[in-house]
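# Structural features, examined
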Amino acid sequence: MNNELIFKKSSYSAHGQNCVEVADLPYGAAVRDSKNPDAGHLPFPSSEWTAFLTSAAIGHRP
């Protein structure tokens, strides 16, 4: 079984800018610094990740 996480950078990220990468977890999502990926990641349970995405979407509305 392969336990390696597959991190993705947002398509909204500009080249060379500070950003985070996100990987799917069976129970939520993992977030890490794209410029320092060896520092590890922060796991978030589904409820917290969904609340974050909802809040971000509401704050990003025109």
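Residues numbered from 1 in each chain as written. Predicted model: local features only at pLDDT ≥ 70, side-chain atom pairs only at ≥ 80, totals over all residues. Heavy atoms only, no water.

## Quick notes on the overall build of the protein chain
Assigned secondary structure in the protein chain consists of one helix and four strands. When the helices and strands of the protein chain are read in sequence order from the N terminus, they spell out β-β-β-β-α. A buried classification covers 18% of the 62 residues belonging to the protein chain. Accessible area for the protein chain stands at about 5200 Å²; split by element, carbon and sulfur atoms hold 55% of it. (Helix = DSSP H or I, 4+ residues; strand = E, 2+ residues; numbered from the N terminus. Buried < 20%, exposed > 50% of the residue type's maximum accessible area, 1.4 Å probe, protein only. Areas by Shrake-Rupley, 256 points an atom, 1.4 Å probe, with all protein chains shown as cover.)

## Some details on the environment of tyrosine 27
Inspection of the secondary structure puts tyrosine 27 in the loop between strand 2 (20-25) and strand 3 (28-33). Looking at tyrosine 27, the relative accessible area reads 46%, which means it is partly exposed. The sequence separation of tyrosine 27 and serine 47 amounts to 20 residues, and the corresponding C-alpha distance is 9.0 Å. With sequence-adjacent residues up to four places away left out, tyrosine 27 is seen in contact with Pro43, Phe44, Pro45 and Ser46. (Contact = heavy atoms within 4.5 Å.)

## Some words on the packing of aromatic side chains
Taken as a whole and judged by the stated rule, the model has two aromatic pairs. Grouped by ring-pair contacts, the aromatic residues Phe44, Trp49 and Phe52 constitute a single cluster. (Phe/Tyr/Trp six-rings, centres within 6.5 Å; stacked < 30°, edge-to-face > 60°.)

## Considerations on the pairing of strand 2
In strand 2, alternate side chains face the same way, and those of Glu21, Ala23 and Leu25 are buried while those of Val20, Val22 and Asp24 on the opposite face are not. Relative to strand 2, strand 1 (residues 8-9) is paired through two bridges, and the arrangement is antiparallel. Bridging across to strand 2, lysine 9 finds its partner in glutamate 21. As judged from the six bridges shared by strand 2 and strand 3, these two strands associate in the antiparallel manner. (Pairing = 2+ DSSP bridges.)

## Looking at the side chain of serine 34
Considering the arrangement of structural elements, one finds serine 34 in the loop between strand 3 and strand 4 (42-45). Here serine 34 is in contact with Lys9, Cys19, Val20 and Glu21, once residues within four sequence places are set aside.

## Quick word on the pattern of salt bridges
Applying the stated criterion to the full structure yields one salt bridge. Residues glutamate 21 and arginine 32 are paired through a salt bridge, measuring 2.6 Å at the closest nitrogen-oxygen approach. On the criterion of sequence distance, the pair formed by glutamate 21 in strand 2 and arginine 32 in strand 3 is long-range, its members being eleven residues apart. For arginine 32, a relative accessible area of 22% corresponds to the partly exposed category. (Salt bridge = Lys/Arg side-chain N within 4 Å of Asp/Glu carboxyl O.)

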